[in-house]
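Survey of secondary and tertiary structure
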2 protein chains.
Amino acid sequence: MTGSLVIAGLGPGAEGMVTPEVLEALDRATDVIGYIPYVSRISPRDGLRLHPSDNRVELDRARHALELAAQGNHAVIVSSGDPGVFAMASAVFEAVESGPAPWRDLDIRVLPGITAMLAAAAAAGAPLGHDFCAINLSDNLKPFDLVLRRVHLALEADFVMAFYNPRSASRPHQFASLLDLLNDQVEPDRLMIFARAVTTPQQEIHVVPLQEARPEMADMRTLVILGSSATRRIGRFVYTPRRA
Amino acid sequence: MTGSLVIAGLGPGAEGMVTPEVLEALDRATDVIGYIPYVSRISPRDGLRLHPSDNRVELDRARHALELAAQGNHAVIVSSGDPGVFAMASAVFEAVESGPAPWRDLDIRVLPGITAMLAAAAAAGAPLGHDFCAINLSDNLKPFDLVLRRVHLALEADFVMAFYNPRSASRPHQFASLLDLLNDQVEPDRLMIFARAVTTPQQEIHVVPLQEARPEMADMRTLVILGSSATRRIGRFVYTPRRA
């Protein structure tokens, strides 16, 4: 029996944003693997084993899914958003690279999803309407100095910026450091968007000028967007013009 | 009668990547507006008027849709990919800003879609697995010098880069200039991905080291990804590790 591994994006939360091809992969799955809150979005059914796991065990989870596929199962790893953007797809290929040679020949497919910055941008208007970058603020896997250096260069390039994983209980100070850097280098009325739990019933979107941004406006469920010098408000919408 | 305007992303091409909420908005539409090839993806039905229009008339198209909504119709502007990423959403808000005051109070919603870089990345593996930027190479609306300056700064930041609209018949030389800049500043084996017509029956994915990249590998249906210094191949996949 030939197994398979699909790494699927569930989108930011709303069921209306899960793509049909992801639903189809879930229908064919024998095993669904993922972080507890994402696996809890999957309806149980006969013949489907659910394998919820804790945060911060991405490599173990990836290896488990690869083993299941190598044994002939149809494994689906679920990520929120898009699996290729600060989520499980890279962890799977890291596990393939350091794993047994036959894993390289497995049937592995990545199915994209609506990543948080696209959903947050849509909810606010069109702040990603021109050149932009996406930066993971978590320093679990890289020094925070590198994060600040990238932000500094992105300001020089006048990119709109989307910040993923801005703040957690274990690292409350870094987002404050980022705000300090921004306040030092950017005009005080530069627009910031705090999009929390976007597309879920708990969604909150706050648009503030940089000078009113506070560290506690962000948590791990928040996607933060910093406008470019051209980003502006029109009525209740925020957008970045195409010529910027 | 109160009208509405939805700006909806159809994703990169495959029907399996159109979200349920976009299909629902199309079911309720009285008018669908968009560039000819995107409107041609919509099935005709009674009570639905289709308004295909040519390329490069984004503002006219946006105004037409806003007028239809202001008259009480349910207008849907269709974009490929995500409407907020180098597509129609910004043009709509530009038209709102320069249009009659009542347009600001219209019921306008943006529905996100799978943008080309996510689909291209998924087809190749996980090249966007760490900090990245997205740059529109078209100089229809900005000087090409600004594009090159952004690329230069993004190289310094070691971002993975996704290039939209790399090359067209009317500007064949710019992508060649970009390759010259890259060959000048980046190691020759830096990985590049040319993803053409991604998720359609015509899909072609080519992964080459920078030194083998040629301008004619790109056209207007191609999304180009340049890896960071950490992006690597493992078997038939390309990915960027999470610690980079």
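All values derive from a computational prediction rather than experimental measurement.

With that settled, the discussion passes to the overall build of chain A. Scanning chain A from N- to C-terminus turns up 7 helices and 13 strands. Computed over C-alpha atoms, the radius of gyration of chain A comes to 19 Å, within 12% of the 18 Å expected from 2.2 N^0.38 for 244 residues, which places it in the range of a compact globule. Viewed in the frame of its principal axes, chain A has a C-alpha envelope of about 60 × 35 × 35 Å. Per-residue burial for chain A yields a buried fraction of 59% across its 244 residues. Here chain A has roughly 9,300 Å² of accessible surface; of this, 49% comes from carbon and sulfur atoms. Here chain A carries 23 positive and 28 negative side-chain charges, and the mean point of each set is 4 Å from the other.

The next thing to look at is the nonpolar core. Soluble globular proteins: nonpolar side chains tend toward being buried together. One finds A:Val151, A:Leu182, A:Met192, B:Val151, B:Leu182 and B:Met192 to be the most contacted residues of the largest nonpolar core, which totals 54 residues. Aside from chain neighbours lying at most four places away, what touches B:Leu182 is B:Val151, B:Leu155, B:Met192, B:Leu210 and B:Leu226. Within the second largest apolar cluster, 48 residues are counted, among which are A:Val85, A:Ala119, A:Ala124 and A:Ala134.

Turning our eyes to something else, we now look at the interface of chain B and chain A. Taken together, the contact pairs 66 residues of chain B with 66 residues of chain A. When chain B packs against chain A, close to 5,800 Å² is buried across both sides, 61% of that on carbon and sulfur atoms. One salt bridge in this structure joins B:Glu58 and A:Arg242, with 3.9 Å as the shortest N-O distance. For the pair chain B and chain A, the number of links is 28 residue pairs in polar contact (both at pLDDT 80 or more). Broken down by element, the side of chain B that touches chain A gets its largest block of residues, 7 residues, from helix α4 (residues 88-98) of chain B.

With that settled, consider helix α1 (residues 20-28) of chain B. Residues and elements named next belong to chain B. Three or more residues of α1 are buried, namely Glu21, Val22, Ala25 and Leu26. Across the axial projection of α1, the buried residues extend over an arc of 140°, all falling on one side. Contacts from the buried residues of α1 go to β1 (4-9), β2 (31-35), β4 (74-79) and β5 (107-111).

Here helix α4 (residues 88-98) of chain A lies mainly inside the structure; 9 of its 11 residues are buried. The set of residues buried in α4(A) consists of A:Met88, A:Ala89, A:Ser90, A:Ala91, A:Val92, A:Phe93, A:Glu94, A:Ala95 and A:Val96.

Turning next to the packing of aromatic side chains. All told, the structure shown has 13 aromatic pairs over all chains when counted by the stated rule. For the ring pair A:Phe159 and B:Phe159, a centre distance of 6.5 Å and an interplane angle of 90° mean the geometry is edge-to-face. Here A:Phe159, found in the loop between α6 (144-156) and β8 (160-164), pairs with B:Phe159, found in the loop between α6 (144-156) and β8 (160-164), and the two come from separate chains. Of the two residues examined, A:Phe159 and B:Phe159, each falls in the buried class. Joined through ring pairs, the aromatic side chains of A:Phe86, A:Tyr164 and B:Phe132 make up one cluster.

A separate point is the domain arrangement of chain A. Residue and element names in this part refer to chain A. According to the domain assignment, chain A contains domain 1 (4-114) and domain 2 (117-239). Relative placement of domain 1 and domain 2: their C-alpha centres are 28 Å apart. Note on domain 1 versus domain 2: buried area summed over both sides is about 720 Å², and carbon and sulfur give 66% of it. Three residues stand out in domain 1 for area buried against domain 2, namely Pro12, Arg56 and Phe86, and they jointly supply 62% of the buried area on that side. Applying the counting criterion to the domain 1 and domain 2 interface returns 1 residue pair in polar contact (both at pLDDT 80 or more). Across the side of domain 1 that touches domain 2, the residue classes break down as 6 nonpolar, 1 polar and 1 charged.

Attention now goes to the packing of helix α3 (residues 58-70) of chain A against α4(A). Residues and elements named next belong to chain A. Running from N to C, α3 and α4 cross one another at 70°; their axes reach a closest spacing of 8 Å. As far as their axial angle goes, α4 and α3 are roughly perpendicular. As for how α3 packs across α4, the hand of that crossing is right-handed. Within the contact between the two elements, α3 uses Glu58, Leu59, Arg61, Ala62, Arg63 and Leu66 and α4 uses Met88, Ala91, Val92, Glu94, Ala95, Val96 and Ser98. In the contact of α3 with α4, the residues fall into 8 nonpolar, 1 polar and 4 charged.

As a further point, take the side chain of A:Asn73. By secondary structure assignment, the location of A:Asn73 is in the loop between α3 and β4 (74-79). Every residue in contact with A:Asn73, bar those within four places of it in the chain, is listed here: A:Gly3, A:Ser4, A:Thr30, A:Asp31, A:Arg49 and A:Leu68.

Residues and elements named next belong to chain A. Strands sit in the order β3-β2-β4-β1-β5 across an open sheet of 5 strands; the sheet is parallel. Each of the sheet's edge strands pairs with one partner strand only, and the pair in question is β3 (49-53) and β5 (107-111). Neighbour-to-neighbour, the strand axes of the sheet open up by a mean angle of 15°, direction not taken into account. Where strand β1 (residues 4-9) and β4 come together, 6 bridges link them in parallel fashion. Considered in β4, the bridge of Val6 is made with Val76.

Topologically, B:Arg150 is positioned in helix α6. By relative accessible area, which is 3% here, B:Arg150 ends up buried. At 2.7 Å, the side chain of B:Arg150 and the backbone oxygen of A:Ala157 are in polar contact.

Residues and elements named next belong to chain A. One non-glycine residue, Phe86, lies in the positive phi region at around 50°. Structurally, Phe86 is set in the loop between β4 and α4. For Phe86, a relative accessible area of 17% puts it in the buried group. Backbone geometry at Asp158 places phi at a positive 60°, although glycine is not the residue there. Inspection of the secondary structure puts Asp158 in the loop between α6 and β8.

Conventions adopted
- Residues numbered from 1 in each chain as written.
- Chains lettered and ligands numbered in written order.
- Predicted model: local features only at pLDDT ≥ 70, side-chain atom pairs only at ≥ 80, totals over all residues.
- Heavy atoms only, no water.
- Helix = DSSP H or I, 4+ residues; strand = E, 2+ residues; numbered from the N terminus.
- Rg over C-alpha atoms; globule rule 2.2 N^0.38 Å.
- Buried < 20%, exposed > 50% of the residue type's maximum accessible area, 1.4 Å probe, protein only.
- Areas by Shrake-Rupley, 256 points an atom, 1.4 Å probe, with all protein chains shown as cover.
- Lys, Arg positive; Asp, Glu negative; His and termini not counted.
- Charge placed at Lys NZ, Arg CZ, Asp CG, Glu CD.
- Core = buried A, V, L, I, M, F, W, Y, C linked by side-chain atoms within 4.5 Å.
- Contact = heavy atoms within 4.5 Å.
- Buried area = accessible area lost by both parts, 1.4 Å probe.
- Salt bridge = Lys/Arg side-chain N within 4 Å of Asp/Glu carboxyl O.
- Polar contact = N/O pair within 3.5 Å; in protein donor to acceptor, adjacent residues only side chain to side chain.
- Arc of directions from axis to C-beta.
- Phe/Tyr/Trp six-rings, centres within 6.5 Å; stacked < 30°, edge-to-face > 60°.
- Domains from an automatic or database assignment.
- Nonpolar A, V, L, I, M, F, W, Y, C, P; charged D, E, K, R; others polar.
- Axes fitted to C-alpha atoms, helices over the stretch in contact; angles between N-to-C directions.
- Parallel < 35°, antiparallel > 145°, perpendicular 65-115°, else oblique.
- Left-handed = near helix turned anticlockwise from the far one by under 90°.
- Pairing = 2+ DSSP bridges.

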